[in-house]
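Read off the chains here:
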Amino acid sequence: MRSLNAADIVTIWDRGQAMHPIDRALLLLTAALPEADPVDLQNLTIGQRNGRLLHLRQLTIGDELAALVNCPQCGATLEFSLTVSQLQRPEPTTTSYTIILEGQKWRLRLPTSADLSALLSSPTIDHARQQLVARCVQPDAGQPASPTPTASILAEIARSMAETDPQADMRFSLTCADCAHEWQSHFDVVAFFWAELAAQARRLLLEVHQIARAYGWREPDILALSSRRRHLYLEMIGA
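Peer 1: I'd like to hear about the nonpolar core, residue by residue, with values.
Peer 2: Core analysis: the largest hydrophobic core is formed by 51 residues, its most contacted members being Leu4, Leu28, Leu87 and Phe187. Take this core: its biggest share by element is eleven residues, from helix α9 (residues 189-215). Once you skip the residues sitting within four places of it in the chain, Phe187 turns out to touch Leu54, Leu65, Leu87, Met170, Phe172 and Phe192. If you look at the next biggest cluster of nonpolar residues, it comprises twelve residues, including Leu108, Val133, Ile153 and Ile157.

Peer 1: Go over the pairing of strand β7 (residues 182-187), please, and point to the residues and values.
Peer 2: The alternating pattern of β7 places Trp183, Ser185 and Phe187 on a buried face and Glu182, Gln184 and His186 on a face that is not buried. Relative to β7, strand β6 (residues 170-175) runs antiparallel, the two being bridged by six bridges. Pairing of Thr175 across the sheet is with Glu182, part of β7.

Peer 1: How would you summarise the pairing of strand β2 (residues 77-83) if you had to cite specific residues and measurements?
Peer 2: A regular strand places its side chains on the two faces of the sheet in alternate fashion. Burial along β2 is one-sided: Leu78, Phe80 and Leu82 are buried, while Thr77, Glu79, Ser81 and Thr83, pointing the other way, are not. Examined bridge by bridge, strand β1 (residues 64-70) and β2 share seven bridges and lie antiparallel to one another. Bridge assignment links Leu65 to a residue of β2, and that residue is Leu82. The loop that links β1 with its antiparallel partner β2 comprises six residues; one of these, Gly75, has a positive phi angle of about 85°.

Peer 1: Give a description of the sheet that holds strand β3 (residues 96-101) that names residues and reports values.
Peer 2: Taken in spatial order, the three strands line up as β3-β4-β5 in an open sheet, and their pairing is antiparallel. This sheet does not close on itself; its edge strands, each paired only once, are β3 and β5 (137-139). Across the sheet, the axes of successive neighbouring strands diverge by a mean angle of 30°, strand direction being ignored. Sheet strands touched by helix α7 (residues 125-136): β4 (104-109) and β5. Its angle to β5, the strand with the most contacts, is close to 55°. Contacting β3, β4 and β5, helix α8 (residues 151-164) crosses the sheet at an angle of about 140° to β3.

Peer 1: How would you summarise α7 if you had to cite specific residues and measurements?
Peer 2: Working note: α-helix, 3.6 residues per turn, so residues spaced by three or four point in the same direction. Between the first and last C-alpha of α7 there are 16 Å, a value that for twelve residues agrees with the 16 Å anticipated at 1.5 Å per step. For α7, every residue scored as buried is listed here: Ala128, Val133 and Cys136. Along α7, the residues classed as buried sweep out an arc of 140° about the axis, all on the same side. Contact partners of the buried residues in α7: β4, α6 (113-118), β5 and α8.

Peer 1: Which residues make up unusual backbone geometry, and what are the values?
Peer 2: Notably, Glu102 is not glycine yet its phi reads approximately 55°, a positive angle. Relative to the helices and strands, Glu102 is located in the loop between β3 and β4. A residue is classified by how much of its surface remains accessible, and Glu102, at 59% relative accessible area, is exposed. Here the phi dihedral of Ala180 falls at roughly 65°; this positive angle occurs in a residue that is not glycine. You can call Ala180 exposed: its relative accessible area is 53%.

Peer 1: Help me get a handle on the pattern of salt bridges, residues and values and all.
Peer 2: Within this structure, the stated rule accounts for twelve salt bridges. The salt bridge involving Arg135 is made with Asp115; its shortest N-O contact spans 2.8 Å. Linking Arg135 in helix α7 with Asp115 in helix α6, this pair joins segments that are 20 residues apart in sequence. Accessibility expressed as a relative area gives 38% for Arg135, which makes it partly exposed. For Arg159, the salt bridge is made with Glu156, and the minimal N-O distance between the two is 2.9 Å. Remark: Glu156 and Arg159 occur in helix α8; sequence separation between them is three residues, near one turn of the helix. A relative accessible area of 32% means that Glu156 is categorised as partly exposed. Among the ionic contacts, a cluster of salt bridges with common partners joins Arg109, Asp115 and Arg135.

Peer 1: So, a nonpolar patch on the surface: which residues are in play, and what are the values?
Peer 2: Taken together, the side chains of Tyr215, Trp217, Leu232 and Met236 define a hydrophobic patch exposed on the protein surface, amounting to about 400 Å² of accessible area. Relative to the elements of secondary structure, Trp217 occurs in the loop between α9 and α10 (219-224). By relative accessible area, Trp217 is classed as partly exposed at 32%.

What counts, and where the lines are drawn
- Residues numbered from 1 in each chain as written.
- Predicted model: local features only at pLDDT ≥ 70, side-chain atom pairs only at ≥ 80, totals over all residues.
- Heavy atoms only, no water.
- Core = buried A, V, L, I, M, F, W, Y, C linked by side-chain atoms within 4.5 Å.
- Buried < 20%, exposed > 50% of the residue type's maximum accessible area, 1.4 Å probe, protein only.
- Helix = DSSP H or I, 4+ residues; strand = E, 2+ residues; numbered from the N terminus.
- Contact = heavy atoms within 4.5 Å.
- Pairing = 2+ DSSP bridges.
- Axes fitted to C-alpha atoms, helices over the stretch in contact; angles between N-to-C directions.
- Expected span 1.5 Å × (residues − 1).
- Arc of directions from axis to C-beta.
- Salt bridge = Lys/Arg side-chain N within 4 Å of Asp/Glu carboxyl O.
- Patch = residues over 30% accessible without salt bridge, like charges linked within 9 Å, V, L, I, M, F, W, Y side chains within 5 Å.
- Areas by Shrake-Rupley, 256 points an atom, 1.4 Å probe, with all protein chains shown as cover.

Okay, structure coming up:
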């Protein structure tokens, strides 16, 4: 995996503006892993995908993340920092396996980006959930019947998948300094990383505008400069 340079960031931001977050994640991985088969990237489990995005963020921006979150109890804003290393979890050792629940064997396949993309046209959350179950949960071959999983079985399946692919739903514990409320906060690596890259892209384009106006240089040539050299030119033109 390679880090994203200035030209990559601007190009990815431009191409991804109208994309769904699922497609933005794949766009980022395609840029960082140009030798990878796009189909293979689509078929990574959500945890595998998130792990690679965390690593790409680490290579491109650094290990430390600064975050803001509002307390769900009192609304106070908490500012805190954590590291990519703290968020990283082991990748699943298998993408499909069998589990026995209520005397019935079930074959489970960990969801992928391809699965999530197939749910985008679902009219309701319940319908999307049913589609996901149909794609990833099946009674084991040779069973005398093919029942529909009950709510309790689905809850156990969700728990099992979360344990098997822990980076699919990354959470961390927080305590509000104002009201002492404790809760688990979800970390969406795609949204977080994309917001950071969008801010960087806007800053880079402003730098391109200022340097191009002063020197008449082309955008690719300016973006090819190191960050240090761009900043030196900006200092010299008083930007």
